[in-house]
4 protein chains.
Amino acid sequence: MREIYPVAPYPYTFGRYHEPIAQVKLNEMVVLYTEDCFEGRVQSEEDLPSVVAGKYLNPQTGPIYIEGAEPGDQLVVHIHDITLTRDWAVSAQIPFFGGLTATTLTATLQDPLPEKVWIYRKQADGRFAYSDRFSIAPAPFMGTIGTAPDLEALSALTPFMHGGNMDVPDVKAGNTVYLPVNVKGAYFSTGDCHVAQGEGEACGVALEISGKITLSFDLIKNRPISWPRIESPEEIMTVGSARPMEDAARIAYSELVKWLIQDFHFDKWDAYQLVSQAGKLYVGNMVDTYYSLVAKLSKEFLT
Amino acid sequence: MREIYPVAPYPYTFGRYHEPIAQVKLNEMVVLYTEDCFEGRVQSEEDLPSVVAGKYLNPQTGPIYIEGAEPGDQLVVHIHDITLTRDWAVSAQIPFFGGLTATTLTATLQDPLPEKVWIYRKQADGRFAYSDRFSIAPAPFMGTIGTAPDLEALSALTPFMHGGNMDVPDVKAGNTVYLPVNVKGAYFSTGDCHVAQGEGEACGVALEISGKITLSFDLIKNRPISWPRIESPEEIMTVGSARPMEDAARIAYSELVKWLIQDFHFDKWDAYQLVSQAGKLYVGNMVDTYYSLVAKLSKEFLT
Amino acid sequence: MREIYPVAPYPYTFGRYHEPIAQVKLNEMVVLYTEDCFEGRVQSEEDLPSVVAGKYLNPQTGPIYIEGAEPGDQLVVHIHDITLTRDWAVSAQIPFFGGLTATTLTATLQDPLPEKVWIYRKQADGRFAYSDRFSIAPAPFMGTIGTAPDLEALSALTPFMHGGNMDVPDVKAGNTVYLPVNVKGAYFSTGDCHVAQGEGEACGVALEISGKITLSFDLIKNRPISWPRIESPEEIMTVGSARPMEDAARIAYSELVKWLIQDFHFDKWDAYQLVSQAGKLYVGNMVDTYYSLVAKLSKEFLT
Amino acid sequence: MREIYPVAPYPYTFGRYHEPIAQVKLNEMVVLYTEDCFEGRVQSEEDLPSVVAGKYLNPQTGPIYIEGAEPGDQLVVHIHDITLTRDWAVSAQIPFFGGLTATTLTATLQDPLPEKVWIYRKQADGRFAYSDRFSIAPAPFMGTIGTAPDLEALSALTPFMHGGNMDVPDVKAGNTVYLPVNVKGAYFSTGDCHVAQGEGEACGVALEISGKITLSFDLIKNRPISWPRIESPEEIMTVGSARPMEDAARIAYSELVKWLIQDFHFDKWDAYQLVSQAGKLYVGNMVDTYYSLVAKLSKEFLT
């Protein structure tokens, strides 16, 4: 199988301004290797990110030029597998970053939380732990996945209409992600693999790890979508990324209503009723430049 | 078993200003009957809420005076059973109310969504439906549950530190709710039974129904909590209600961290790590005067 | 002139549940004396609010029963004079309260800012100062002013549709405040006099002082308003109080558009254009349970 | 004086990816001509933006390479004059854009407001009007002004740390704007001239016009700032752009406190007190991708 490695200098944005590192055909199976969010520089509890990390976080593997992709298409990303390529992962408390601290955007005059690093190591039972206190079962997914916006180059720390740093645990093996194509070739990239992450990613840093992801791509031609969608064997999902968080919730459910109308022939008000009574709505991240919320509906309602 | 019926004029607030309708001993098993949110006035699709509903919504059954409850205690509410007392339920689109519309608080110059009523009827298979399009499996819970704030009388449409209109599906049979006691006797009340509801309650109105709820009460003396907590057989949960929604998320996870520190002897940063990597965070409501978010942690981490 | 003094136990809410302390006729000139927000208990820099202040803040002078006031009326409050009744004022940094700190509603895991008290003393030139660093020119206004909500009893720390703790510097002598009447007699109260305050009241505590306010009342019968309005000799203003802050902005401008349509016969879209090109919009408070924004329009456009 | 004209294809982003159109020396006086936000395509009330406007709005004049500018410097922009170069201006209601409507980010299921265009023409008295109803006095300023972010290319509709589409009326002749330099040469650009605009820009479109702006540049070397600052003859100002709006307010006042500490030798808590008691805080825009708030302090406190 074709293997694609990240190429330095890595892109730290989603955008059209970085040259593609590979060109992929539809339905071609490829393996992408990804660096961790710190480029592997934080390796011990003494490696404080403010000291050893580079200026930018979330190096991407990409952009990948998808043959045949044109603006207005949906890029269909089948995630066949995500394999962790290390036996350790890293999390951290970074000053003025995270969900339970003032940040550069929610600015206060308080002191930051202490900077700290945790090295989680894989245990005999396959779980990851940094102490005896608790261990975390692997549930790997990609924190970043997206295409190029048409005009902007957006930081790899930002989730938005193009996907990006959504930090949504449903971006996992067995699921399919639908992304808007805004530029010819789509300029797909991915990275920021997580061993696991709680909903919301409260401290801002999951169990960060390098990984390899097996993917294939397809297109839905001339069928534009505004925001990312995800499909699992059991559910359809939409992701809204915005601030304040209620705007992300509104986007997610509005997009789910639209999907029901467009592809499943629901009346508008029936669709609104259905998601009101049977939808799920969880927080992907509450820490990034936009918050990402995921609305879900069981496929039992789609027959 | 002792049965307690709602007494007209019903309270439409949580507060100390309404006389208790009953006094209950600790560990006494009681059945409370509850009216639906419209007091049963919306019975057909022609009964528009703006015409037939009263001025206030969410009539409460209560207040119930809990013997021995003092400010600073936790009121422990064991929910043994919730039984629906009708074979039909009602949902509605109410002008300028709901999650996917401008509202009185998110004010715009747009026209409202059309006012509409749906009558869901119980089907042979036990599910509820208003058409052939879809049916909803019952998952009954109480939309409102709470104690009196110490000073304020808060609308029964408002969720806050005292509980109230949280619209959180985990307020269900088999679970235990912990509420702050702010006044002598606690002044507990509940109502707003839902056959089922999606996370977020997107249109603002669930499958509204009358019900009866079997409860018993206990106290944790001199152990104040700021916000409601819920315990299921598998998980511990905290509920934060605020606007914007990220403030509700911050409260929910902060309270979960505090709970881990106080009752389960976690170090502060270990607790923050744990909820960051293993917590769940879903939206109870995105429509009420405050949004309610629920943070959860599996009890597997508490041993 | 009739003088009305605050009566202990003071009300710390706006609501119908507290007995009126006085009954006033329309157009009767009255003087209301008000306590400072701490009830005068913080008198030196050693008097930390967390130690010496009572459980509740913002004692109100009221409720005042206004003869003839009925639900659906507007209560017209002419502010003839505000006189400071002390030669010193107090400000403070209170833990987890204020605009540039995490708070109980914007909860984080950080330590609070240090608790501090400043005693400002009146200088020879009439300005107030606590050191040589700077002095503040008096621009006195009432932090709280409002009527009773119809059903709720809302904390005197809360601004909302009834007025309340708006902390809006335009509630000053020479201006007229219009408030909704929700209960018979209106149940007007006021308090929380400020020597002066910056827009936003960033640290949460202005130059707090006792005062006396000379008022007379009038009614606009059967002409309900949803939110407070203010009129100065030069401008009309609307106040929206909500979270997030953009919701307060939306309310303020929506109400201004409504006012132009209803009383000044503007077409809806002309009104929207006018406030878009000539409106002013400032932050009254960014610290209270709801944020208060003030939209203004010069009367030059109303002829 | 040297004149610089916008060069097609115009940049619609702030970023390092567009070639500079001119290189300017420090203290050189230059005149920049700017197109209106619609590139002059909306010329009558029949020219609906959804039909005649291009895909992108806010064409920029730039980037201008500033000699000697290095990352970490402040770019000092002296605005000597802004002259309107047409005798008419255009405003509009654009579907799902503006402050009193649902938008693409605050998504609802409601219909949009009607699309409308207003052509304001200069009157004999110098004011602008589209009808007899009202006229607007010119108070020209630049809606967009900024430098390149270090990595991102941000839409010219976005205000952020680099400046950009702040829509702040204090960006006017006689004032000085301080911008962060993130890339060598700064890559300055400006555009989106407004005849006048209300605070908040409620409908999202001011009196849009072409203009020419007379500028000179200077640098404060090695003195990084995070957010834009403005100085008028009477006041110092900071601009925060974020969502929700309270985050923009927090940034603006935090930056003002920092400025007082760094350049005017204030103690941190004295600075917090001062802005709390004497600061001003108004809304620049409540419509763009981030909301922009302006905190001000009179220079009387800086001696």
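Conventions and cut-offs
- All residue numbers refer to position in the chain's written sequence, counted from 1.
- To read the labels, note that chains go from A and ligands from 1, taken in the order they are written.
- Only residues with pLDDT of at least 70 are given local features in this predicted model, and only at 80 or more are side-chain atom pairs given and counted; all residues enter the totals for whole chains, interfaces and linings.
- Hydrogens and water are ignored here; the side-chain numbers use all heavy atoms of the structure.
- Two residues qualify as a contact provided that any one of their heavy atoms is within 4.5 Å of a heavy atom in the partner residue.
- In short, buried area is how much 1.4 Å probe accessible area vanishes from two parts on joining, totalled over both.
- In protein, a polar contact means a hydrogen-donor-capable atom and an acceptor-capable atom, both N or O and within 3.5 Å, with residues adjacent in sequence counting only if both atoms are side-chain atoms; elsewhere, any N or O pair within 3.5 Å suffices.
- Under the grouping applied here, Gly and all other residues not named as nonpolar or charged are polar, the nonpolar ones being Ala, Val, Leu, Ile, Met, Phe, Trp, Tyr, Cys and Pro and the charged ones Asp, Glu, Lys and Arg.
- When DSSP locates at least two bridges between a pair of strands, those strands are taken to pair.
- Secondary structure elements follow DSSP: runs of H or I of four or more residues count as helices, runs of E of two or more count as strands, with numbering from the N terminus.
- Only protein chains enter the accessibility calculation, which uses a 1.4 Å probe; a residue whose area is less than 20% of its type maximum is buried, one above 50% is exposed, and one in between is partly exposed.
- We count a salt bridge whenever a side-chain nitrogen from Lys or Arg sits within 4 Å of a carboxyl oxygen from Asp or Glu.
- Residues reaching a pLDDT of at least 70 in both copies supply the C-alpha atoms on which the copies are superposed by least squares.

Our next topic: the interface of chain B and chain D. Residue-level contacts link 13 residues of chain B with 13 residues of chain D. Sorting the residues of chain B by area buried against chain D places Leu-100, Leu-109 and Gln-110 of chain B first, and these three jointly supply 50% of that buried surface. On inspection of chain B and its partner chain D, the count reaches six residue pairs in polar contact (both at pLDDT 80 or more). In the side of chain B that touches chain D, the residues fall into eight nonpolar, three polar and two charged.

Residue and element names in this part refer to chain C. On the basis of which strands lie adjacent, the open sheet formed by six strands has the order S3-S5-S15-S10-S13-S12 and mixed pairing. If you trace the sheet from one side to the other, it starts and ends with strand S3 (22-24) and strand S12 (159-160), each paired once. Judged from the five bridges that link them, strand S10 (residues 141-146) and strand S15 (residues 188-194) form a sheet pairing that is antiparallel. Residue pairing in the sheet places Phe-141 in a bridge with His-194 of S15.

This part takes up helix H3 (residues 268-278) of chain C. Summarising burial for H3 of chain C: ten of the eleven residues are buried, a large majority. If you check which residues of H3 of chain C are buried, you get Trp-269, Asp-270, Ala-271, Tyr-272, Gln-273, Leu-274, Val-275, Ser-276, Gln-277 and Ala-278 of chain C. Buried residues in H3 of chain C make contact with helix H2 (245-264), strand S19 (280-285) and strand S20 (291-298) of chain C together with strand S7 (88-93) and strand S8 (116-122) of chain D. Taking the backbone nitrogen of Trp-269 of chain C as reference, a side-chain oxygen 3.0 Å away marks Asp-267 of chain C as the first, capping residue of H3 of chain C.

A few words now on the interface of chain A and chain B. Between chain A and chain B, the contact holds 59 residues from the first and 59 residues from the second. Taken together, the two surfaces of chain A and chain B that pack against each other cover about 4700 Å², and 58% of this comes from carbon and sulfur. When the buried area of chain A at its contact with chain B is split by residue, Arg-133, Tyr-272 and Gln-277 of chain A rank highest and sum to 16% of it. Between Glu-300 of chain A and Arg-127 of chain B there is a salt bridge, with its nearest N and O atoms 3.2 Å apart. At the boundary of chain A with chain B, the tally comes to 38 residue pairs in polar contact (both at pLDDT 80 or more). Contributions of two or more residues to the side of chain A that touches chain B are made by strand S7 (88-93), strand S8 (116-122), helix H2 (245-264), helix H3 (268-278), strand S19 (280-285) and strand S20 (291-298) of chain A. A per-element tally of the side of chain A that touches chain B places H3 of chain A first, with nine residues. Taken together, the residues of the side of chain A that touches chain B break down into 34 nonpolar, 15 polar and ten charged.

Glancing now at the relation of the copies chain B and chain D. Screw-axis analysis of chain B against chain D gives a translation of 0.0 Å along the axis, an RMSD of 0.0 Å, and a rotation angle of 180°. Taken together, the rotation and translation describe the operation of a two-fold axis. Here 100% of the contact residues of chain B are again contact residues in chain D; the copies associate through an equivalent surface.

Glancing now at the sheet that holds strand S5 (residues 61-66) of chain D. All names here are of chain D. In spatial order, the strands read S3-S5-S15-S10-S13-S12; together these six strands make up an open sheet with mixed pairing. In the strand order of this sheet, the two ends are held by strand S3 (22-24) and strand S12 (159-160), each with one partner. Here S5 runs beside strand S15 (residues 188-194); their pairing, made up of two bridges, is antiparallel. Looking across to S15, one finds that Thr-61 is bridged to Thr-190.

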